[in-house]
Every structure is written in C-alpha cells, then in structure tokens.
Amino acid sequence: MPGYTFIVQVGSQLFSRVERVVSQARVADIHTHLYDPGFHSLLKWGIDELLVYHYLVSESFRSGPWDYDRFWSASTSQQAEWIWNRLFVAQSPLSEAARGVITTLNSLGLDPRSGDLALLRQWFSLRTPEQHVEQVLEVAGVESVCMTNSPFDSEETVYWQRTPRRDPRFVGALRIDPLLLNWREARLTLKEQGYDPGESLNDAAVTAIRRFLEDWTRRIESRYCMVSTPPEFAFPAETDSAWILEKAVLPHCRDHGQAFAMMMGVRRGVNPRLRMAGDGVGQADLTALASLCRCFPENRFLVTCLSRECQQELVILARKFPNLHPFGCWWFNNTPQLIEETTTLRLDLLGTSFTFQHSDSRVLDQLIYKWKHSRVVLVDCLTQAYTRLAASGWVPTDVEMERDVHRLLGGSFNEFLEGARPVRHEGGIARDFESR
Ligand code: HDL
Ligand code: ZN
C-alpha cells in the first residue's frame, strides 16, 4: 500500500471523483423478485410490504415471545406493527435490512422518526403503482431490473395467459427450480400445460421439456434461465437433476442464447415455521460448477454463491473459465462488510469482468436502499483499487472510471450475455467462439 501522504493526497482526490461517477451511474439490476406494474398485486410496494420483508420477519423473532401462529394469523399491517415495534422502537434499526427501511423512507422525503405508520400508509396510498415505479427507479438510479418469472407459479402464469402490458424496463428471466430440483412435481405441471413428458426420463421427455422451455423463453422474452441449488447439488451425478440439466436445459440455453444462472448453496426450510424467512445457507460444492463450465464450453454460466466460504473458489474458477461470470453479493452476503470483502477479492483477481451487485428486491421501494447502500461500498472499494493503481503510476481518467463503473453495474453482464447468442453456422461449420 502506498505511503500515508500519498493516500491522503491522491486518495482523497480519487474518492471524490469515484463518488461522483458511482452516484451518477445507471444500474442494470440483474436479479430481483419485482414485477412489472402490469402484474398488479404481484408488484409489492409501500411501508407495510417494506416492513414484512422476510429478512425483517426473521430478525423480529430474535425478540420474544416467539408466537409464530399469532404472527402468521395477523394481517399484513398487524405484522408490520409487530416488526416496527421490535426492530425500530425497542432497539435502533442497525441491521442492513432495518437500516434499509430508514434509508428508503428518508430518500422518499418521509420521516421515519414520526413512527406514525398510518401516516406513512396514507402517503403511499395517494399514488399509483406506475407513478411510484417512476419515482423509485429515478431515486435508485436503476435503468432496468430482471424479474424472476416462474412457469411453476400459478399466481404468475395467470397473468402471462392474459399477455400483460409490459414495461420494457422489467426484463424477463426464466426461473426453473422445480424442473431441476423436484422432477416428480414438475412433470405434472408440464403435463397440465400441455407438455406431457411421459413417465420416465428419455428422448420423449427431452422433447417435451425443451418445448416447454422454448415456449416460456419466448413468452417472457427471457434474458437468461435461472435456478437456485442446494449445497449438495452435484454434477456429474446419477440424479434427475443432472440428467435434465445435461440433456435438456443446457442444450436449450445454448441454442436459444440463454445464459444459465446458478444461485448456489441455499438450504431451504431450515426453520419451516418462519416460512419464506426460514431458509438458510450451506457451503456449495463448486466442483459441480467446474465440471459444468468444462463440459459445456458453449454454455455461459452466471453464478453467485450464498456461503461466504465459497467466494474465493468462485472467483478462482472464473479465472479458469471464460464462460463463468460471477455476480452479486447474494442475500446473507448483502452486508457492507461482506460486499467490501467480496468486491475487493473480485477486483483483485478479475478486474471488472464480473457484476458487482444485484438487489434481490422483493419490494419495489427496496431498490432505493439496496443500491444506495451498495454504492457506498463500491466507492470505497474502487477508491482503494484506484489509489493502489495510482501509486503504481497509472491515474485513471474520468472516462476510464465511467467505463469501469458501467462494466461493474451491468456492462460486463450484457457483454457476457451477448456471447450467448446462438451460433450462426456458415457453411455447416460453427463460427469461432470469439467472432460471433
Ligand atoms: O432463490 C432466490 O432467488 C433467493 O433470492 C430467495 O428468493 C431469497 O428468499 C431472497 O429473497 N434472498 O434475497
Ligand atoms: Zn432472489
């Protein structure tokens, strides 16, 4: 690290330049659980939804009494009051998610200190979803968000059957967890939707699964295909999951220009009484990822890991496989300390060939705090990286900083996905990987 005087002089100049560039940069948020306003009640927003976010539900149970039945039988506003009293009145909102509510309300010009949830509810009630989308995207500096669109979610498929009016800033992403993780159930859904895969996994099943994937990819104009996998996920393996992935999903992704996104290491239902808030973490076996990247060089893999212990191995695998793109500081990694640790590791080993963050927002208003909090950390990480670079005799220009920040906030992602476009066979020979 350069000398103290150098850091103070050059570092502070760089800090203000980096802060300006990062604060003005527009973000492509590549994974959220938000919906286009055309999906009506599926788009969550407002103070009650902010407070009953499952991160805050689990945190609110840290204080007693742990009356699960009383909580789950309460109304959303009653649940919000429960959480408000336990996390904002009985203690300071110090956790990332609790502080996020404060950041969001203040950024919208509302005073959380009023503690008057009724007044806050009234403010939100005076606006339409469309108006709120405009203000939140503007305040958050977000240009586009990828949704999580599951053909196995009957609440959502109803809307797709009505071909909803689409807002192009809300980009489709095909989520297929049941197909890979619960084939016995998934095959019934495919049959219901007219893609009968038959009783066993064979060529006929591949045909049915690929038609299902193609139709949904086209219907939602999918940007990529995604699954979240448990720590035990293995490949190669004698499992339905590995077979469907190899025979149907990856060939589909390759032929239809879909990167395959894997969110690895989630342990579902650790405490089922917390419902969606009850999921936990386990250390994923990344040898499975290395096998996939090696065996399917024409597929592109977007990957994030839930366990802190996996982060270095993921980055090192990305150095070995150009078809692997790490992204985001997912879920339990979305804290200032772990965002800084992960981002510094990635900058030191990958330069800007990764995607810094995704918000995973479930409530529209969360875009504001998740990106405001993350930008603060990104400024620190980049200032440190540029200060080191300057000490080596290379001071970045503003244009170079803007280019680097653009790459980290969606530019590298788009470049990586461009390469996933279907191979154009000229004269029967697949053109070179790079020249596509
Ligand atoms: O599987 C996922 O996409 C996760 O992001 C889960 O939805 C999780 O509940 C979550 O919201 N994490 O931030
Ligand atoms: Zn998610």
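To be clear, the structure that these remarks concern was listed above.
Residues numbered from 1 in each chain as written. Chains lettered and ligands numbered in written order. Predicted model: local features only at pLDDT ≥ 70, side-chain atom pairs only at ≥ 80, totals over all residues. Heavy atoms only, no water.

(A) Representation of the overall build of the chain within the structure. Along its length, the chain carries 18 helices and 12 strands. Its C-alpha atoms give the chain a radius of gyration of 23 Å, near enough to 22 Å, the size a compact globule of 436 residues would have. When the backbone C-alpha atoms are referred to their principal axes, the chain occupies close to 60 × 60 × 40 Å. Within the chain, the proportion of its 436 residues that are buried is 54%. In the chain, once contacts between residues fewer than 6 apart in sequence are set aside, the share between residues at least 24 apart is 77%. When the accessible area of the chain is evaluated, it comes to approximately 19400 Å², of which 52% is carbon and sulfur surface. Computed over 47 positive and 54 negative side-chain charges, the inter-centroid distance for the chain is 0 Å. (Helix = DSSP H or I, 4+ residues; strand = E, 2+ residues; numbered from the N terminus. Rg over C-alpha atoms; globule rule 2.2 N^0.38 Å. Buried < 20%, exposed > 50% of the residue type's maximum accessible area, 1.4 Å probe, protein only. Contact = heavy atoms within 4.5 Å. Areas by Shrake-Rupley, 256 points an atom, 1.4 Å probe, with all protein chains shown as cover. Lys, Arg positive; Asp, Glu negative; His and termini not counted. Charge placed at Lys NZ, Arg CZ, Asp CG, Glu CD.)

(B) Spotlight on the side chain of D29. Residue placement: D29 occurs in strand 1 (residues 27–29). In this structure D29 is buried but unpaired, with K370 as the nearest side chain of opposite charge at 8.4 Å. Apart from the residues lying within four places of it in its own chain, the contact partners of D29 are V142, S144, V145, C146, H358, S359, D360, L367 and W371. (Salt bridge = Lys/Arg side-chain N within 4 Å of Asp/Glu carboxyl O.)

(C) Focus on the sheet that holds strand 1. If you trace the 3 strands from one edge of the open sheet to the other, you get 1-2-3, paired in parallel fashion. Single-partner strands in this sheet number two, and they are strand 1 and strand 3 (170–171). In this structure, strand 2 (residues 142–146) lies alongside strand 3, joined through 2 bridges in parallel fashion. Residue C146 lies in a different strand from strand 3, and its bridge partner there is V171. (Pairing = 2+ DSSP bridges.)

(D) Spatial organisation of the site of ligand 1. Neighbouring ligand 1 are H31, H33, H54, Y55, R175, S228, M263, R268, W330, W331, D360 and R362. Taking H54, its side chain carries an N or O atom lying 2.9 Å from an oxygen atom of ligand 1. Expressed as a share of its isolated accessible area of 320 Å², the protein-covered part of ligand 1 is 98%. Within the shell around ligand 1, the residues separate by chemical class into 4 nonpolar, 4 polar and 4 charged. (Near = heavy atom within 4 Å. Polar contact = N/O pair within 3.5 Å; in protein donor to acceptor, adjacent residues only side chain to side chain. Nonpolar A, V, L, I, M, F, W, Y, C, P; charged D, E, K, R; others polar.)

(E) Molecular detail of the sheet that holds strand 10 (residues 324–326). Reading across from one edge, 4-5-6-9-10 is the order of the 5 strands in this open sheet, with parallel pairing throughout. With one partner strand each, in any of the chains shown, strand 4 (174–175) and strand 10 form the two edges of the open sheet. Looking at chain direction, strand 5 (residues 224–229) and strand 6 (residues 259–264) are connected through 6 bridges and run parallel. Each residue of the ladder has a partner; that of T229, found in strand 6, is M264. Strands strand 9 (301–305) and strand 10 of the sheet are contacted by helix 15 (residues 311–320), whose axis makes an angle of about 145° with strand 10. (Axes fitted to C-alpha atoms, helices over the stretch in contact; angles between N-to-C directions.)

(F) How the structure looks around the packing of aromatic side chains. With the rule as written, the count across this model stands at 18 aromatic pairs. Ring pairs connect the aromatic residues F61, Y68, F71, W72 and W82, which therefore count as one cluster. (Phe/Tyr/Trp six-rings, centres within 6.5 Å; stacked < 30°, edge-to-face > 60°.)

(G) Main features of the nonpolar core. With 136 residues, the main nonpolar core has L179, V249, F260, M262, F301 and L324 as its most contacted residues. Take this core: its biggest share by element is 11 residues, from helix 17 (residues 366–391). Sequence-distant contacts of L179, defined by excluding residues within four places in its chain, comprise F152, A186, L190, I209, L213, I244 and V249. (Core = buried A, V, L, I, M, F, W, Y, C linked by side-chain atoms within 4.5 Å.)

(H) Representation of the packing of helix 6 (residues 96–107) against helix 17 in the model. Where helix 6 contacts helix 17, the axes come no closer than 8 Å and their chain directions differ by 105°. Of the possible angle classes, the one that applies to helix 6 and helix 17 is roughly perpendicular. On the side of helix 6, the interface is formed by E96, A97, R99, G100, V101, T103, T104 and S107, while helix 17 contributes I368, Y369, K372 and H373. Of the residues in the contact of helix 6 with helix 17, the class split is 4 nonpolar, 5 polar and 3 charged. (Parallel < 35°, antiparallel > 145°, perpendicular 65-115°, else oblique.)

(I) Highlighting helix 11 (residues 183–192). Those residues of helix 11 not exposed but buried are W183, A186, R187, T189 and L190. All buried residues of helix 11 project into a common sector of 160° when viewed along the axis, lining one side. In helix 11, those exposed residues whose orientation departs by more than 90 degrees from the buried face are R184 and E192. Of the surrounding secondary structure, the elements contacted by the buried residues of helix 11 are helix 10 (177–181), helix 12 (203–220) and helix 13 (240–255). Taken from the residues just after helix 11, G194 is the one with a positive phi, measuring 95°. (Arc of directions from axis to C-beta.)

(J) Summary view of the environment of K191. As for its position among the elements, K191 is in helix 11. Sequence-distant contacts of K191, defined by excluding residues within four places in its chain, comprise D196 and P197.

(K) Spatial organisation of the environment of P336. Counting through the fold element by element, P336 comes out in helix 16 (residues 336–350). A C-alpha to C-alpha distance of 8.0 Å links P336 and E96, two positions 240 residues apart in sequence. When sequence neighbours within four positions are dropped, the list of residues in contact with P336 reads E96, R99 and V377.

(L) Spatial organisation of the pairing of strand 5. Judged by how many residues are buried, strand 5 sits mostly within the fold: 6 of 6 residues are covered. Burial along strand 5 is two-sided: Y224, M226 and S228 and C225, V227 and T229, pointing in opposite directions, are all buried. Here strand 4 runs beside strand 5; their pairing, made up of 2 bridges, is parallel. Opposite L174, over in strand 5, you have C225 as the bridge partner. Remark: the strand 5/helix 13/strand 6 crossover connection has right-handed handedness. (Right-handed = clockwise from strand over helix to strand, strands pointing away.)

(M) Focus on the pairing of strand 2. Where strand 1 meets strand 2, 3 bridges bridge the pair, whose relative direction is parallel. Note that in strand 2 the partner of V27 across the bridge is V142. At this point the chain moves from strand 2, through helix 9 (residues 154–161), to the parallel strand 3, and the crossover so formed is right-handed.

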